[in-house]
Amino acid sequence: MTATAPDPESPGQPPTNDTGPQELEPNQLPHTPRRPIWLCGTCATEWPCLTVRTLLPLDYYDSPTALHVYLATLLQEAVEDLTRLNPDPGPDPQRMHARFLGWVKPWLDITRRRAGGPD
Ligand SMILES: [Zn+2]
């Protein structure tokens, strides 16, 4: 049935930085990449982590092309960083593409379906 569909928690809205320091739930922490290793600073998993993959399609709901451009830019930077760290053999291009861009279209579709919008 829905075994292949990711089922992240619905955070409702992206995190904001205007509330000052306070206790935050894990899904409200800024899941920014730690460079040059490109692991999430919060989850310590490969960036973009599950939280980022959930939040970015919401942030870019009306501008999916901008999301692709944004992630393509970060993909380029990540490949450069990871190649510097480990030049031989370096990051696998196919895997890096899947990691940064391969998930975007399916997740945008899921986000749209949950929002009840048209395909
Ligand atoms: Zn994270």
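Everything quoted here is computed from the prediction, not taken from an experiment.

What counts, and where the lines are drawn
Residues numbered from 1 in each chain as written. Predicted model: local features only at pLDDT ≥ 70, side-chain atom pairs only at ≥ 80, totals over all residues. pLDDT = per-residue confidence, 0-100. Contact = placed C-beta atoms within 7 Å. Helix = DSSP H or I, 4+ residues; strand = E, 2+ residues; numbered from the N terminus. Buried ≥ 20, exposed ≤ 12 C-beta atoms within 10 Å, placed from the backbone. Expected span 1.5 Å × (residues − 1). Core = buried A, V, L, I, M, F, W, Y, C linked by C-beta atoms within 7 Å.

Undergrad: An account of the confidence of the model for the protein chain is needed here, citing residue identities and associated values.
TA: Keep in mind that low pLDDT regions are not for reading the predicted coordinates in detail. Looking at the protein chain, pLDDT values average 83 and 73% of them are 70 or higher. Counted against residues more than four places away or in other chains, residues 1–22, with its pLDDT under 50, gives 13 contacts.

Undergrad: So what's going on with unusual backbone geometry? Which residues, and what values?
TA: Arginine 35 connects to proline 36 through a cis peptide bond whose omega is 10 degrees. By secondary structure assignment, the location of proline 36 is in the loop between β1 (33–34) and β2 (39–40). Geometrically, the link from aspartate 88 to proline 89 is a cis peptide bond, its omega value of 20 degrees lying close to zero. Counting through the fold element by element, proline 89 comes out in the loop between α2 (64–85) and α3 (93–102). Positive phi is not limited to glycine here, since tryptophan 38 has a value of about 60 degrees. Position of tryptophan 38 relative to the elements: it lies in the loop between β1 and β2. For tryptophan 38, a count of 22 C-beta atoms within 10 Å corresponds to the buried category. Of note, alanine 44 is a non-glycine position whose phi angle comes to about 65 degrees, a positive value.

Undergrad: Go over helix α4 (residues 104–115), please, and point to the residues and values.
TA: Taking 1.5 Å of rise per residue, the 12 residues of α4 would be expected to cover 16 Å, and the 16 Å separating its terminal C-alpha atoms lies within 8% of that figure. Once α4 finishes, glycine 116 follows within two positions and takes phi at roughly 80 degrees, a positive value.

Undergrad: Go over the nonpolar core, please, and point to the residues and values.
TA: Of all hydrophobic cores here, the largest spans 10 residues; its members are Trp38, Cys40, Trp47, Val52, Leu55, Leu56, Leu71, Ala78, Phe100 and Val104. Elements with a minimum of two residues in this core: α1 (50–59) and α2. If you tally residues by element for this core, the top one is α1, at 3 residues.

Undergrad: Explain the environment of leucine 39 to me, using residue names and the numbers behind them.
TA: By the secondary structure assignment, leucine 39 is in strand β2. Residue class for leucine 39 comes out partly exposed when judged on the 14 C-beta atoms lying within 10 Å of it. Measuring from C-alpha to C-alpha, the distance between leucine 39 and cysteine 49 comes to 8.2 Å, with 10 residues separating the pair along the chain. Excluding residues that lie within four positions of it along the chain, leucine 39 makes contacts with Arg34, Ala44, Thr45, Glu46 and Trp47.

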